[in-house]
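# Results of the structural survey
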Amino acid sequence: MSTGQTRTHLRTCPLCEAMCGLEVTVEDERVTSIRPDAQDVWSKGYVCPKGAVLGDLHHDPDRLRAPLVRDGEQWREVSWEEAFQEAAHRLQTVIREHGIESTTAYVGNPTAHNFSLSRYVGAFMPMSSLPMIYSAGTVDQWPKNLVGALVYGGMWSIPVPDLDRTDHLLVLGANPSASQGSLLAAADVLGRMDAIRARGGRIVLIDPRRTATADHADEWIPITPGTDAALLAAMVHVLFAEDLARPGPLAAHTEGLERVEELCRPFSPERVAATCRIPAETIRRLARELATARTAAVYGRIGTCNQEFGTLASWLVEVLNVVTGNLDRPGGSMFSNPLAWSLTSLKPPDQPPEWAFGRWKSRVRGAPEVLGQYPVSCLAEEISTPGAGQIKALVTIAGNPVISAPDAARLDEALPMLEAMVSVDNYLNETTRHAHVILPGLSPFEQPHYDELLWSWAVRNAGKYSEPIFPPEPGRPAEWEILLKLAAILAGAAPEDADPALLDDLYFAGLVGVVVGDPTSRIAGRDAAEIVAATAGAGPERLLDFAIRSGPHGDLYGAHPEGLTLDTLRAQPHGIDRGALEPRLEEVLRTPSGKVELAPPYITADLDRLAARLDRPEDDLVLVSRRHVRSNNSWMHNLERLVRGRERCTLLIHPDDAARCGVRAGSHARITSSAGSLEAPVEVSDEMMPGVVCLPHGWGHDRAGIRMEVAARHPGVNNNLLAPGQFVDVPSGNAVVNGIPVEVRPA
Ligand SMILES: Nc1nc2c(c(=O)[nH]1)N[C@H]1C(S)=C(S)[C@@H](COP(=O)(O)OP(=O)(O)OC[C@H]3O[C@@H](n4cnc5c(=O)[nH]c(N)nc54)[C@H](O)[C@@H]3O)O[C@H]1N2
Ligand SMILES: Nc1nc2c(c(=O)[nH]1)N[C@H]1C(S)=C(S)[C@@H](COP(=O)(O)OP(=O)(O)OC[C@H]3O[C@@H](n4cnc5c(=O)[nH]c(N)nc54)[C@H](O)[C@@H]3O)O[C@H]1N2
Ligand code: SF4
Ligand SMILES: [Mo]
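Rules and cut-offs
Residues numbered from 1 in each chain as written. Chains lettered and ligands numbered in written order. Predicted model: local features only at pLDDT ≥ 70, side-chain atom pairs only at ≥ 80, totals over all residues. Heavy atoms only, no water. Helix = DSSP H or I, 4+ residues; strand = E, 2+ residues; numbered from the N terminus. 1 Å grid on protein atoms, 1.4 Å probe; cavity = no way out; pocket = protein on both sides within 12 Å on 5 of 7 lines; lining within 4 Å. Points joined across faces, edges and corners; volume = space filled by probe spheres on them. Nonpolar A, V, L, I, M, F, W, Y, C, P; charged D, E, K, R; others polar. Contact = heavy atoms within 4.5 Å. Polar contact = N/O pair within 3.5 Å; in protein donor to acceptor, adjacent residues only side chain to side chain. Salt bridge = Lys/Arg side-chain N within 4 Å of Asp/Glu carboxyl O. Buried < 20%, exposed > 50% of the residue type's maximum accessible area, 1.4 Å probe, protein only. Core = buried A, V, L, I, M, F, W, Y, C linked by side-chain atoms within 4.5 Å. Domains from an automatic or database assignment. Axes fitted to C-alpha atoms, helices over the stretch in contact; angles between N-to-C directions. Parallel < 35°, antiparallel > 145°, perpendicular 65-115°, else oblique. Pairing = 2+ DSSP bridges.

Turning our eyes to something else, we now look at unusual backbone geometry. The backbone phi angle of aspartate 28 is positive, close to 50 degrees, even though this residue is not glycine. Looking at the secondary structure, you find aspartate 28 in the loop between strand 2 (21-27) and strand 3 (30-36). With a phi angle near 45 degrees, asparagine 633 is a residue other than glycine that sits in the positive phi range. Of note, asparagine 633 is situated in the loop between strand 21 (622-626) and helix 25 (640-643).

Now the structure itself:
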């Protein structure tokens, strides 16, 4: 029945780091249009095709709205009480029989875009006492975390290129034309790149593929996948050899500069040129351009992380920014100072005062723990290999590892062996089809939104809070309540006794205690009880209010009355912008020496492996991944408006390689690696460098038993069937999904 009612709401798109401001029109309780919010102080009217169809996500009939419990091969919609009873029965039986070490969790990417999840995964872990968890982090940015921990003292201390003021941008392994930026929050990255060039600056892009981002750069330089570390080490070599190293004022805050010089000496441009397939003279020029630019920033992202030398490449990005004096200065590489501090600014509670790695080893392959996690590819073997400590119960939280993790076939085979699998997820998909219980979260539009994590990597100090558009359906818990309840169940509570509100109060009081007890916090030494009493509400909003008020711009609970609170943000629905980034290195540094520790032995020890790589014969053909602006990892393929049109899951191959392998455009190729084999349609293009082929990740929706009608009609293939699980960046344990040796032939 039409009520004729039309409302407009201001929201932030929850899908990616661009955090675009949207104007959502609702008529008769249906989203009828989504337009960019031109007045959004952050995104200023920018939007991509995904943000415009968020209404389709909200109304998607396949999006789960009630919990599901497995009945053999069937699913039954059940009440929340029954769902938690079933989850408790399954999980607690396993724990009783096999101990808590038989249980683990996998945390996926949307957690970072949903503060109900991100804030409460931080509560779930300690409250549930799970000894180990897995996450998408080890197919993503674990090298950056490792470098942040050792070089700056914080695993999330990751500086961002100051896009709006830099004169020179060197980009490696990132394609913002598709991704919109990553560990670099900025709306309209390409527009900002164009602005760099319009003001006379220069942009160089290093990527095995000439992506659409290359159209916004001055120069595209193809590189052999997995060899960025060699290139960057050679650039460092040139800076020192040609007396171009100019750390300037940073020198006083940095340890290990001489050691870096010494360590990079063997990596001359001539030594690495053939491996990288970049002429030595080009490498010298790149180094000189970087050193002589008025300001410059080196930025490396996923292509430099989930590859064979992810840690060394990520480390050398920081080294170059320091050696050229560009760290922590306008136009260089800077640390954001978000309105609300995030849980990521606290050191993980299980870490000793100095960072430690390999404190325990995985049961089956003996992989060392790094920052509390094993490589995600260990999960399959830990489930399928019998013996004491075998994983028998799994909780997945907003993750689809059957598609997104390497050695995908093994995980798909292992999950049915679990005695208990509970998924907190909004779809019945390739991963959750193996669950016993699925607990759906609310639609993004049914909950408030604040990007508590992503503002930490923003190019301006800003923040924006969005109110829900629709009330949740009656009786539906928010995800923070689901997580707290699950944590209590894992800790042994009966579900009816696990009251999320009570647990939330406990968690909040504990967190306030930690912060007032931290001598570096802005509310150090204050009365915790008083602060708890002065912070109203519950759930993520209360935590956010606390993080804003005790943050760099906050009211400090009265000590700085004109400072911000959550209410100030609520009153400014287009967001609050506190300006460009400011130098703040000394505040960020948490290393034992209080300095930038530029040559951590744990990282530099890996240079021997890199040196050995230079002597290795080249692979004939290697595979890399790609993203598309209309996809979002594995889970937005159920929206017709995003998947219609030309088939996107194709193998990109250079014309010379196509001829050599005997495959033609439009035909199907069989692609085989040591891990598996699959078929995909061929797209011949000279945007690939010879010797490198490319498949997108996030596809493979041809699995039986999923409930994603649209995605199933556009299945594509899962490129992680080709990623060997044992292939990791050694220091971080991060998966290698770029640079996989493959063979291509006609299907
Ligand atoms: N070959 C290859 N593999 C890769 C990559 C690559 O470049 N190449 N990239 C890697 C990277 S960077 C990442 S981050 C990972 C991603 O890996 P994952 O995080 O495991 O995978 P996603 O595809 O993001 O799956 C997200 C899941 O969350 C669910 N979901 C979506 N929104 C919500 C929500 O609001 N609440 C809840 N509870 N659930 C929700 C979806 O239904 C889906 O099941 O993939 C990695 N895998
Ligand atoms: N539309 C859309 N946006 C997204 C996502 C999505 O799936 N779709 N995913 C989000 C997530 S979880 C993440 S982590 C970010 C990632 O954001 P980006 O880091 O920008 O990721 P990609 O777009 O995959 O671009 C990576 C580039 O690295 C190149 N590459 C591969 N191997 C190498 C190598 O060895 N060296 C170098 N130099 N380059 C290499 C690839 O060819 C590719 O062009 O995107 C986020 N945004
Ligand atoms: S770029 Fe697209 S997906 Fe990313 S926040 Fe903006 S509208 Fe959403
Ligand atoms: Mo990611």
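With that settled, the discussion passes to the layout of surface pockets. In this structure, the second largest pocket occupies an estimated 910 Å³ of space. Around the second largest pocket, the lining comprises 35 residues; the ones closest to its centre are Ser345, Leu346, Arg584, Glu587 and Arg590. At the level of secondary structure, the elements contributing two or more residues to the lining of the second largest pocket comprise helix 18 (500-517) and helix 22 (585-588). Along the lines of polarity and charge, the residues of the lining of the second largest pocket split into 16 nonpolar, 13 polar and six charged.

What follows deals with the environment of threonine 535. Position of threonine 535 relative to the elements: it lies in the loop between helix 19 (528-534) and helix 20 (539-549). Each C-alpha atom, one on threonine 535 and one on cysteine 48, is 37 Å from the other, the two residues being 487 residues apart in sequence. The contact partners of threonine 535, leaving out residues within four places of it in the chain, are Phe508, Arg542, Asp545, Phe546, Arg549 and Tyr557. Of note is the side chain of threonine 535, whose polar atom sits 2.8 Å from the side chain of tyrosine 557.

Next up on the list: the side chain of serine 314. Mapped onto the elements of the fold, serine 314 is located in helix 13 (residues 310-323). Excluding anything up to four places from it in sequence, serine 314 contacts Pro143, Lys144, Val147, Thr304 and Cys305.

Our next topic: empty space enclosed by the protein. This structure, assessed with the given rule, holds five cavities of 30 Å³ or more. By volume, the largest cavity is sized at about 70 Å³. Along the walls of the largest cavity sit Cys13, Leu15, Cys16, Ala18, Met19, Cys20, Tyr46, Val47, Cys48, Lys50, Gly51 and Gln180, which together make up its complete lining. Across the lining of the largest cavity, the residue classes tally to nine nonpolar, two polar and one charged.

Take the pattern of salt bridges next. Side chains bearing opposite charge may pair, as long as their charged atoms lie close to each other. In total, this model carries 54 salt bridges according to the counting rule given. The closest approach of N and O atoms between arginine 570 and glutamate 541, which form a salt bridge, is 4.0 Å. Of this pair, arginine 570 sits in helix 21 (residues 566-570) while glutamate 541 sits in helix 20, and the two are 29 residues apart along the sequence. Relative accessible area serves as the criterion here: at 25%, glutamate 541 is assigned to the partly exposed category. Between aspartate 545 and arginine 549 there is a salt bridge; the shortest N-O distance is 3.8 Å. Of this pair, aspartate 545 and arginine 549 both sit in helix 20, four residues apart, which is roughly one turn of that helix. Look at aspartate 545 and you get buried, because its relative accessible area is 11%.

Core analysis: the largest hydrophobic core is formed by 99 residues, its most contacted members being Phe124, Leu486 and Phe546. Sort the elements by how many residues they give to this core and helix 17 (residues 479-490) lands first, with nine residues. A domain split of this core shows at least three residues from each of domain 1 (68-122 + 362-580) and domain 2 (159-335). Once residues within four sequence positions are removed from consideration, phenylalanine 546 is found in contact with Trp341, Phe508, Leu511, Val512, Val515, Ile523, Ile531, Thr535 and Tyr557. Formed by 70 residues, the second largest nonpolar core is a distinct cluster that contains Ala230, Met235, Val260 and Val272.

Right, let's talk about the packing of helix 10 (residues 269-276) against helix 24 (residues 607-614) for a bit. For the pair helix 10 and helix 24, the least separation of the axes is 9 Å and the interaxial angle reads 65 degrees. In terms of their interaxial angle, helix 10 and helix 24 are classed as roughly perpendicular. Between helix 10 and helix 24, the residues in contact are Arg271, Val272 and Thr275 and Ala611, Arg613 and Leu614, respectively. For the contact of helix 10 with helix 24, the class distribution of residues is three nonpolar, one polar and two charged.

Turning our attention to the sheet that holds strand 16 (residues 420-424). Judged by pairing direction, the sheet is mixed, and its seven strands sit side by side in the order 5-4-17-16-15-6-7 without closing on themselves. The open sheet is flanked by strand 5 (74-77) and strand 7 (133-135), the only strands paired with a single partner. Put simply, the sheet's adjacent strands are angled 20 degrees from each other on average, direction ignored. Bridge count for strand 16 against strand 17 (residues 437-439) is three bridges, and the pairing is parallel. Its bridge partner lying in strand 17, valine 424 is registered against leucine 439. Packing against the sheet, helix 3 (residues 80-98) makes contact with strand 4 (68-71), strand 5, strand 6 (103-107), strand 15 (393-397), strand 16 and strand 17, and its axis sits at approximately 125 degrees to strand 17. Most of the contacts of helix 4 (residues 115-128) go to strand 15, to which it runs at about 155 degrees, and overall it touches strand 6, strand 7 and strand 15.

Just geometry here; none of it tells us what the structure is for.
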